[in-house]
Amino acid sequence: MRAAVLQLSAQGMSSTKLYNYIRIASKGGVKVLLLGEYILNPFFKELQNLSAGMIKEHSQHQIKILRELASTYNLTIIAPLVIVKKNKIYKTIAKFAPSSTSYYQQQLLINYPHWNEEKFFANEHKEVQTPLIFKIEGFKFALMSGFELHFDAIFKDLASKNIDCILLPSVSTFDSYERWKALILSRAFTQNCYILRANRIGEYSQDEFTWHFYGDSLLASPNGELLEHLGNKEELMIVDMQHSEVLEARKFWGFKDMIHKRSLSC
């Protein structure tokens, strides 16, 4: 399975870079392209100063473009989007396939005093469910937000789904570089699957404080190894993943078999 991460800063209403990079990815045989958070919409802190109408108009523009790109270039685009329904604002991740569009509503949102998405967005509060799962040419993907990777509850049912790769759009900032890398590699190892992470770049300044988005989009192996990663610049990363490597890792480490045996004996 050939996939790609497009590491960008916020693009506003412009689609020129998306067209150019997606054309390159398509020529390279890419089947899935992943974007980071707050690339197609303004950053969360900026959204707080916009009307629901303005946010809706912006998102509808991006949805139209991404549907056209997915269809034209016959690939699946995974793009975090802020959408508006009945004047309520939701944080989602959209899956634009060549002939269909679906949305995953983020279940767990950051809620710290300086960055409270949970309070701002209208996402439903309910028991944690299995993330969005889909297949492309027999390769099975799961889709979740970067923040959700912290929570064991989201992996409760995922372990039985035989996922080949977790797609992880994120918006990591501050001094979290090493912590995020350790978390991603650990989850890839314990789940024995690939994790493809897209993190945005650029800055957002408020008063005298600046959020630095440092990139470091990466691919982790089913053995918890760092296979590929980017720096902090705009870049397209194309990667290859093998279903056979997932099967070999699961067989070698035996984590799933150990749990399966105990469930049969109960």
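Summary of the structure given here.

Definitions and limits used
Residues numbered from 1 in each chain as written. Predicted model: local features only at pLDDT ≥ 70, side-chain atom pairs only at ≥ 80, totals over all residues. Heavy atoms only, no water. Helix = DSSP H or I, 4+ residues; strand = E, 2+ residues; numbered from the N terminus. Buried < 20%, exposed > 50% of the residue type's maximum accessible area, 1.4 Å probe, protein only. Lys, Arg positive; Asp, Glu negative; His and termini not counted. Salt bridge = Lys/Arg side-chain N within 4 Å of Asp/Glu carboxyl O. Polar contact = N/O pair within 3.5 Å; in protein donor to acceptor, adjacent residues only side chain to side chain. Contact = heavy atoms within 4.5 Å. Core = buried A, V, L, I, M, F, W, Y, C linked by side-chain atoms within 4.5 Å. Pairing = 2+ DSSP bridges. Axes fitted to C-alpha atoms, helices over the stretch in contact; angles between N-to-C directions. Phe/Tyr/Trp six-rings, centres within 6.5 Å; stacked < 30°, edge-to-face > 60°.

## A short note on the side chain of Lys45
Then step 1. Along the polypeptide, Lys45 turns up in helix H2 (residues 44–47).
Then step 2. No salt bridge is formed by the buried Lys45; the nearest opposite charge belongs to Asp207, separated by 8.3 Å.
Then step 3. There is a polar contact of 3.2 Å between the side chain of Lys45 and the backbone oxygen of His114.
Then step 4. Not counting residues up to four positions away in its chain, the partners in contact with Lys45 are His114, Tyr204, Gln206 and Trp211.

## Topic: the nonpolar core
Then step 1. Core analysis: the biggest nonpolar cluster contains 43 residues, and Phe141, Leu149, Ile166, Leu167, Leu196 and Met241 have the highest contact counts within it.
Then step 2. Sort the elements by how many residues they give to this core and helix H5 (residues 177–191) lands first, with 5 residues.
Then step 3. Residues contacting Leu167, with those up to four places away along its chain left out, are Val32, Leu34, Ile78, Phe134, Phe141, Ala142, Leu143, Met144 and Leu196.
Then step 4. Counting residues in each nonpolar core, the second largest holds 27 residues, with Leu69, Ala70, Leu75 and Tyr90 among its members.

## What about the sheet that holds strand E2 (residues 32–35)?
Neighbouring strands of a sheet are bound in pairs by backbone hydrogen bonds; such pairs are parallel or else antiparallel.
Then step 1. Strand order in this open sheet of 6 strands is E5-E4-E3-E2-E1-E16, and the pairing throughout is mixed. Since the sheet does not close on itself, it has two edges, and those belong to strand E5 (100–105) and strand E16 (235–240), each with one partner. Strand-to-strand twist in this sheet, taken as the mean axis angle between neighbours without regard to direction, amounts to 30°.
Then step 2. Packed onto the sheet, helix H3 (residues 52–73) meets strand E3 (76–85), strand E4 (88–97) and E5 and runs at close to 155° relative to E3.

## Quick look at the packing of aromatic side chains
How two aromatic rings sit relative to each other is given by the distance of their centres and the angle of their planes.
Then step 1. According to the stated counting rule, one finds 21 aromatic pairs in the structure shown.
Then step 2. Aromatic side chains Trp115 and Phe174 sit 6.3 Å apart centroid to centroid with 80° between the ring planes, which places their arrangement in the edge-to-face category. Pair noted here: Trp115 is in strand E7 (residues 115–116) and Phe174 is in the loop between strand E10 (165–170) and H5, with a separation of 59 residues, a long-range link.
Then step 3. Their ring planes at 45° and their centres at 6.0 Å tell us that Phe174 and Trp211 sit as a pair that is tilted.

## Notes on the environment of Ser145
Then step 1. Checked against the element boundaries, Ser145 lands in the loop between strand E9 (139–143) and E10.
Then step 2. Ser145 gets classed as buried once you look at its relative accessible area, which sits at 0%.
Then step 3. Taking the C-alpha atoms as reference, Ser145 lies 8.7 Å from Gln107; in sequence the two are 38 residues apart.
Then step 4. Those residues in contact with Ser145, other than ones at most four positions away along the chain, are Glu37, Ile93, Tyr104, Gln106, Leu108, Leu168 and Pro169.

## Remarks on the sheet that holds E10
Then step 1. Spatially, 6 strands are ordered E8-E9-E10-E11-E14-E15 in an open sheet, and the strand pairing comes out mixed. What marks the edges here is a single partner per strand, and that holds for strand E8 (132–136) and strand E15 (226–229). Geometrically, the sheet is characterised by an average inter-axis angle of 20° between neighbouring strands, direction not taken into account.
Then step 2. Of the strand pairs in this sheet, E9 and E10 are connected by 3 bridges, and their pairing is parallel. In the strand pairing of E10, Phe141 is matched with Cys165.

## Examining the pairing of E4
Then step 1. The buried fraction of E4 is high, at 9 of 10 residues.
Then step 2. In this structure, E3 lies alongside E4, joined through 9 bridges in antiparallel fashion. Opposite Val82, over in E4, you have Lys91 as the bridge partner.
Then step 3. With antiparallel pairing between neighbouring strands as the criterion, E3 and E4 make up a hairpin whose turn holds 2 residues, including Lys86 at a positive phi of roughly 50°.
Then step 4. Relative to E5, E4 runs antiparallel, the two being bridged by 6 bridges. In the sheet register, Thr92 faces E5, and the bridge partner there is Gln105.
Then step 5. Linking E4 to E5, which pair antiparallel, is a turn of 2 residues.

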